[in-house]
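# Survey of secondary and tertiary structure
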Amino acid sequence: MNIIKTDIPGVVIIEPRVLSDARGYFFESFSERDFRESVGEIKFVQDNESKSCRGVLRGLHFQKPPHAQTKLVRVVSGSVLDVAVDIRRGSPTYGKWVSVLLTGDNHRQIFLPAGMAHGFSVLSAQAVFQYKCDAFYEPSSEGAIVWNDPDVGIDWRLPSEELILSAKDRANPRLSEIISPFEYL
């Protein structure tokens, strides 16, 4: 696997080695050994999958400690713009964001350590999105910041009038209105 560092420490893009021939392709989407050697020691406990249509924007979500989640994200089919926002107090990249185009064809993945608000916008007609988490989902630990926070300034690569959001995601607070439960170490 090829590991690509981003501008936010700890957030990395993973490109698996894809073997292709006339029959199709094969790749390891996850190897605990290779992941541990290249990224770090993580024990994933939950896998999630969602299917969404073009224009859906989910995010920007996080789980507060003690149920904070580290995620490994990929797209099985379709195309999404995946975004991580650093919300770790004291981080030199606090409030900054990075994005990566994840598609069923490029097989890229993004690793998000705890302390990132996470979201994605669907750029294709439909997309199937999968992610691994190192902690179980706990509703009482939900946290979020609003998708269009002007202080963060994310370009979701879709016109805002085309976006489809839940009522909950439309009402999330700005980053400046929350006290982040994460400390940069």
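See the structure shown above.
Scoring rules and cut-offs
Residues numbered from 1 in each chain as written. Predicted model: local features only at pLDDT ≥ 70, side-chain atom pairs only at ≥ 80, totals over all residues. Heavy atoms only, no water. Core = buried A, V, L, I, M, F, W, Y, C linked by side-chain atoms within 4.5 Å. Buried < 20%, exposed > 50% of the residue type's maximum accessible area, 1.4 Å probe, protein only. Helix = DSSP H or I, 4+ residues; strand = E, 2+ residues; numbered from the N terminus. Contact = heavy atoms within 4.5 Å. Pairing = 2+ DSSP bridges. Axes fitted to C-alpha atoms, helices over the stretch in contact; angles between N-to-C directions. Salt bridge = Lys/Arg side-chain N within 4 Å of Asp/Glu carboxyl O.

Next up on the list: the nonpolar core. Side chains that are nonpolar tend, in soluble globular proteins, to be buried together. Membership of the largest hydrophobic core comes to 22 residues, with the highest contact counts inside it found for Leu 60, Val 85, Ile 87 and Ile 145. Residue assignment for this core shows that the elements contributing at least two residues are β6 (57-63) and β8 (79-86). Those residues in contact with Ile 145 that lie beyond four places of it in its chain are Gly 59, Leu 60, Phe 62, Val 85, Ile 87, Ala 117, Asn 172, Pro 173, Arg 174, Leu 175 and Ile 178. Residues Val 11, Val 56, Leu 102 and Met 116 belong to the second largest nonpolar core, which totals 18 residues.

Reading across from one edge, β10-β8-β12-β6-β14 is the order of the five strands in this open sheet, with antiparallel pairing throughout. Each of the sheet's edge strands pairs with one partner strand only, and the pair in question is β10 (97-103) and β14 (142-144). On average, each strand axis in the sheet is inclined to that of its neighbour by 30°, with strand direction left out of account.

The residue Thr 103 is located in strand β10 in this model. Classification of Thr 103 as buried rests on a relative accessible area of 12%. With residues near it in sequence (within four places) discarded, Thr 103 still touches Val 75, Gly 78 and Ser 79.

This next bit is on the pattern of salt bridges. Enumeration according to the criterion identifies eleven salt bridges in this entry. Ionic pairing is found between Arg 89 and Glu 183, a salt bridge with its closest N-O pair at 2.4 Å. Note that Arg 89 is positioned in strand β9 (residues 88-89) and Glu 183 in strand β15 (residues 182-183), a separation of 94 residues in sequence. Note on Arg 89: relative accessible area 32%, which makes it partly exposed. Between Lys 168 and Glu 142 there is a salt bridge, with its nearest N and O atoms 2.6 Å apart. Taken together, the positions of Lys 168 in helix α2 (residues 167-170) and Glu 142 in strand β14 put the pair 26 residues apart, joining distant regions of the chain. A cluster of three or more residues bridged by salt bridges with shared partners is formed by Asp 149, Asp 151 and Arg 174.

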